[in-house]
Amino acid sequence: GTDIAEFHTTVRGPEPIVWTNRNATADADRGRGITIEWRASPRDAIVAILVMNADSLSGNLGAAVCTQNAAAGTFHVPPYALANIPPTPTRPRGFPLNLIFVIAFPQPAAVPSDSAGLARITSFAASISGRSVRFH
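Here's a quick rundown of the structure. Note that this is a predicted model, so its numbers are computed, not measured.

1. Some remarks on the sheet that holds strand β1 (residues 18-19)
Thought 1: The 3 strands lie next to each other as β1-β3-β6, forming an open sheet whose pairing is antiparallel. Of all strands in the sheet, those bounded by a partner on one side alone are β1 and β6 (74-77).
Thought 2: Strand direction decides the pairing type here: β1 and strand β3 (residues 34-39), joined by 2 bridges, are antiparallel. Opposite W19, over in β3, you have W38 as the bridge partner.

Okay, structure coming up:
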């Protein structure tokens, strides 16, 4: 609103997250879960794993988000987190929505603002790696 003056901030992009077992995750057994492994910098970042699928035939959609400290380098998405993810149809239609994203969020620090009406500013960029996955 008009009570906040113009402000500027600098956002520095993080090093890209490296999904180290990306090629081994083309298929996901919803009853067993799926393990995601990565390298991320900085190591104090938070890694979010977004799992989603939309059944293009029925219109059903399921999604789950799990988080882990980047330094851990691995996370097993458990079967209960995949329970509402519909299986991928044998012959899906349209744009594929059977996806997993691995996202590294830095621990941003709020900085003081010299803008009228704004005490502190927090800004950050995230690194994202994604792929399509067949859910069984």
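2. Some words on the sheet that holds strand β10 (residues 127-132)
Thought 1: Spatially, β5-β4-β7-β10 is the arrangement adopted by the 4 strands of the open sheet, whose pairing is antiparallel. Lying at the two open borders of the sheet, with one neighbouring strand each, are β5 (61-69) and β10. In this sheet, adjacent strand axes meet at a mean angle of 15° when their direction is disregarded.
Thought 2: Here 9 bridges tie strand β4 (residues 46-54) to β5, and the two strands are oriented antiparallel to one another. Bridge pairing in β5 links I49 to C66.

3. Let's talk about the nonpolar core
Thought 1: Ranked by size, the top nonpolar core spans 24 residues in total, and within it I36, W38, V47, I49, V51, V77 and I100 carry the most contacts.
Thought 2: Elements with a contribution of two residues or more to this core: β3, β4, β5, β6, α1 (79-82) and β7 (99-105).
Thought 3: When near neighbours in sequence (up to four residues on either side) are disregarded, W38 contacts I17, V18, W19, T20, V47, I49, Q68, N69, A70, G73, T74 and F75.

4. Examining the packing of aromatic side chains
Thought 1: The final tally for this structure, using the stated rule, is 1 aromatic pair.
Thought 2: Look at F105 and F124: their rings are 6.0 Å apart centre to centre, the planes differ by 75°, and that puts the pair in the edge-to-face class. Within this pair, whereas F105 is found in strand β7, its partner F124 is found in the loop between β9 (120-121) and β10, the two being separated by 19 residues in sequence.
Thought 3: F105 gets classed as partly exposed once you look at its relative accessible area, which sits at 29%.
Thought 4: Classification of F124 by relative accessible area gives partly exposed; the value is 44%.

5. Describing the pattern of salt bridges
Thought 1: According to the stated counting rule, one finds 2 salt bridges in the structure shown.
Thought 2: Of the charged contacts in the structure, one is a salt bridge between D27 and R134, with a shortest N-O distance of 3.0 Å. Within this pair, whereas D27 is found in strand β2 (residues 27-28), its partner R134 is found in strand β11 (residues 134-135), the two being separated by 107 residues in sequence.
Thought 3: Classification of R134 by relative accessible area gives partly exposed; the value is 44%.
Thought 4: R32 is paired through a salt bridge with D29; the nearest N and O atoms lie 3.5 Å apart.
Thought 5: Residue classification places R32 among the exposed positions, given a relative accessible area of 64%.

Rules behind the numbers
- Residues numbered from 1 in each chain as written.
- Predicted model: local features only at pLDDT ≥ 70, side-chain atom pairs only at ≥ 80, totals over all residues.
- Heavy atoms only, no water.
- Pairing = 2+ DSSP bridges.
- Helix = DSSP H or I, 4+ residues; strand = E, 2+ residues; numbered from the N terminus.
- Axes fitted to C-alpha atoms, helices over the stretch in contact; angles between N-to-C directions.
- Core = buried A, V, L, I, M, F, W, Y, C linked by side-chain atoms within 4.5 Å.
- Buried < 20%, exposed > 50% of the residue type's maximum accessible area, 1.4 Å probe, protein only.
- Contact = heavy atoms within 4.5 Å.
- Phe/Tyr/Trp six-rings, centres within 6.5 Å; stacked < 30°, edge-to-face > 60°.
- Salt bridge = Lys/Arg side-chain N within 4 Å of Asp/Glu carboxyl O.

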